[in-house]
Amino acid sequence: MLPSHFVIIRAVKLLLLLISTAVVFVGARLSAQNLTPVEAKIVQTIDADRQQPVELLRQLVEINSGTKNLEGVREVGKVLMPQLEALEFKVRWVAMDEVQRAGTLVAEHPCAEPGKCGKRVLLIGHMDTVFEKDSPFQHFQMIDDHNASGPGTDDMKGGLVVMLTALKALKAAGALGRADIKVVLSGDEEAAGHPLELARREMIEAAKNSDAGLEFEATARVNGVYYGSTSRRGSITWRVETTGRTGHSSGVFGSEMGYGAIYELTRILDNFRTQLPEQYLTYNAGLILGGTTARVNAQETGGDATGKPNIISPTAIAIGDLRCISNEQAQRVEGKMRAIVAQHLTKTDAKIDFYEAYPAQSPTPGNRALLKFLNRVNQSLGQPDMPELDPLRRGAGDSAFIAQYIPTLAGVGSSGSGDHSAAEKIDLTSIPINSKRAALLIYRLGQLPSTGKLTDQVN
């Protein structure tokens, strides 16, 4: 027979176990009370199979789909297309030979009863990665039970898996019957083909015929907190070229020879540094060449220059990028940069060009209404609200092309770290939670009236 104090300890432990079990049960019941039977089925379907999404991710990551590996990108498309066809999407591949890229995958699930399907939802993403065929980073690898590494695991093959997992759960719950959903996946987000209007033609056309957009790049997570992205800054490449008189260095700064091209370029860049700063604006100089000769290669990733210490430089070139929160900010800053470039040092000249522009996605009321709607989903799932992400934490992306037409959230895919590096990894536990968020958000958007503004219906 156990001593009395052991009996008491055992009784206390049992009581604590019963209390904790009751708390979990009550919490689950409270969460479930906010889910309809269809929504509960969606959640149960995702929770029931955690392994299949990981296997699909492994299959996608093992295919090298660097942007310039056109066949690799197409192979990813060949994996995704039958997955979407099995969900009764009408799927087609749009070649992008004109912009020297692999192509765009378009899948449509039209409303079976037009006018009775609520909001039309557009899902976008990309199939390519930054890791080309010559990269040493090529394979999927489990790190532990909850994490895996590999090229594109988080950016954004994990997002493709989240999207498909959400759609499969909607299908299993019978929630696709009256859904109007389009999927557009680009093959060149990491190195867009030009002109952009052609490379993003299908995406833009789909946005014009949709009511809300979700981009399945990585869901931001900082210190364990998930964030919603209502905005992201645009990206513009700029190039400054300066010229000056050349001759013996003993004449530099004088009225006859002037300052030379390198000093003129230095003046311009330093004035950018001191005169341009404002909120959400960054402008980086990524490549500089100057001297007696200076030449940039065709990819603008390097070049060559010649010169001597005793020769005044006649030519110099700088290439960089400009990132802004709105198209208005971009236009205003471009004007300031042009004005700075025009203030030449003695006997020098300069010009600036802007090109390869990715538009900005501003934090519009529609985008914020969509995040508010997503947070209602979080509440139903017993998850905390997702705060609005600082746009300085995201780069440019395809969501900006559709956000010009419809309320859009950027980044509703998987979560991980180390994107664009050999340290890229995915938190596999983020797949089910973000799949549930996406599935319920898509479903609930389809339950809203098809007419009327999202901002009015959510607020």
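Residues numbered from 1 in each chain as written. Predicted model: local features only at pLDDT ≥ 70, side-chain atom pairs only at ≥ 80, totals over all residues. Heavy atoms only, no water.

**Comments concerning the overall build of the protein**
Looking only at helices and strands, the protein has 13 helices and 18 strands in total. Judged by the C-alpha coordinates and their principal axes, the protein covers about 105 × 65 × 45 Å. Total accessible area on the protein stands at roughly 20900 Å², and carbon and sulfur atoms take up 54% of it. Computed over 49 positive and 51 negative side-chain charges, the inter-centroid distance for the protein is 5 Å. (Helix = DSSP H or I, 4+ residues; strand = E, 2+ residues; numbered from the N terminus. Areas by Shrake-Rupley, 256 points an atom, 1.4 Å probe, with all protein chains shown as cover. Lys, Arg positive; Asp, Glu negative; His and termini not counted. Charge placed at Lys NZ, Arg CZ, Asp CG, Glu CD.)

**Some details on the packing of aromatic side chains**
As enumerated under the stated definition, the model contains six aromatic pairs in all. With a centroid separation of 5.7 Å and an interplanar angle of 85°, the aromatic rings of Trp238 and Phe272 are classed as edge-to-face. Within this pair, whereas Trp238 is found in strand β10 (residues 234-244), its partner Phe272 is found in helix α8 (residues 260-275), the two being separated by 34 residues in sequence. For the residue pair Trp238 and Phe272, the accessibility class agrees, reading buried in each case. With a centroid separation of 6.5 Å and 80° between ring planes, the pair formed by Tyr259 and Tyr263 is classed as edge-to-face. Here Tyr259 falls in the partly exposed class, since its relative accessible area comes to 28%. A relative accessible area of 43% places Tyr263 in the partly exposed class. When the ring centre of Tyr226 is taken as reference, the NZ or CZ atom of Arg437 above it lies at 4.3 Å. (Phe/Tyr/Trp six-rings, centres within 6.5 Å; stacked < 30°, edge-to-face > 60°. Buried < 20%, exposed > 50% of the residue type's maximum accessible area, 1.4 Å probe, protein only. Lys NZ or Arg CZ within 6 Å of the ring centre and 35° of its normal.)

**Considering the nonpolar core**
Core analysis: the biggest nonpolar cluster contains 72 residues, and Ile42, Leu123, Leu167 and Leu214 have the highest contact counts within it. Looking at which element gives the most residues to this core, the answer is helix α5 (residues 153-172), with ten residues. (Core = buried A, V, L, I, M, F, W, Y, C linked by side-chain atoms within 4.5 Å.)

**Thoughts on unusual backbone geometry**
A cis amide bond links Asp155 to the next residue, Met156, at an omega of -10°. Here Met156 shows up in helix α5. Cis geometry is adopted by the peptide bond preceding Pro195, which originates at His194 and carries an omega value of 5°. On the secondary structure map, Pro195 appears in the loop between β6 (181-186) and α6 (196-199). Phi angles above zero are rare outside glycine, and Gln100 is one such case at about 60°.

**Considerations on the pattern of salt bridges**
What the rule picks out here adds up to 28 salt bridges. Put simply, Arg232 and Glu215 hold a salt bridge, and the shortest N to O gap is 2.7 Å. Placement of the pair is Arg232 in the loop between β9 (225-226) and β10 and Glu215 in strand β7 (residues 212-215), with a sequence separation of 17 residues. Overall, Glu215 belongs to the buried group, its relative accessible area being 1%. Each of Glu278, Glu328, Arg332 and Lys336 takes part in salt bridges that share partners, so that together they form one network. (Salt bridge = Lys/Arg side-chain N within 4 Å of Asp/Glu carboxyl O.)

**Let's talk about the confidence of the model for the protein**
For the protein, mean pLDDT is 92; residues scoring 70 or higher make up 93% of the total. Per-residue pLDDT stays below 50 along residues 1-9; that stretch engages in two contacts with residues further than four places along the chain or on separate chains. (pLDDT = per-residue confidence, 0-100. Contact = heavy atoms within 4.5 Å.)

**Re the environment of Glu202**
In this structure, Glu202 sits in helix α7 (residues 201-208). For Glu202, a relative accessible area of 14% translates into the label buried. On a C-alpha basis, the gap between Glu202 and Leu185 in space is 9.2 Å, while along the polypeptide they are 17 residues apart. The contacts of Glu202, once residues within four sequence positions are left out, are Val94, Met96, Thr104, Val106 and Val184.

**Structural notes on the sheet that holds strand β4 (residues 141-142)**
As summarised here, the arrangement of the four strands in space is β4-β5-β18-β17, forming an open sheet in which the pairing is antiparallel. The open sheet has two free edges, formed respectively by β4 and β17 (416-417), since each of these has just one partner strand. Note that β17 and strand β18 (residues 425-427) share two bridges and pair antiparallel. Its bridge partner being in β18, Ser417 is matched across the sheet by Lys425. The strands that α5 touches are β5 (147-149), β17 and β18; relative to β18, the one it contacts most, it runs at about 45°. (Pairing = 2+ DSSP bridges. Axes fitted to C-alpha atoms, helices over the stretch in contact; angles between N-to-C directions.)

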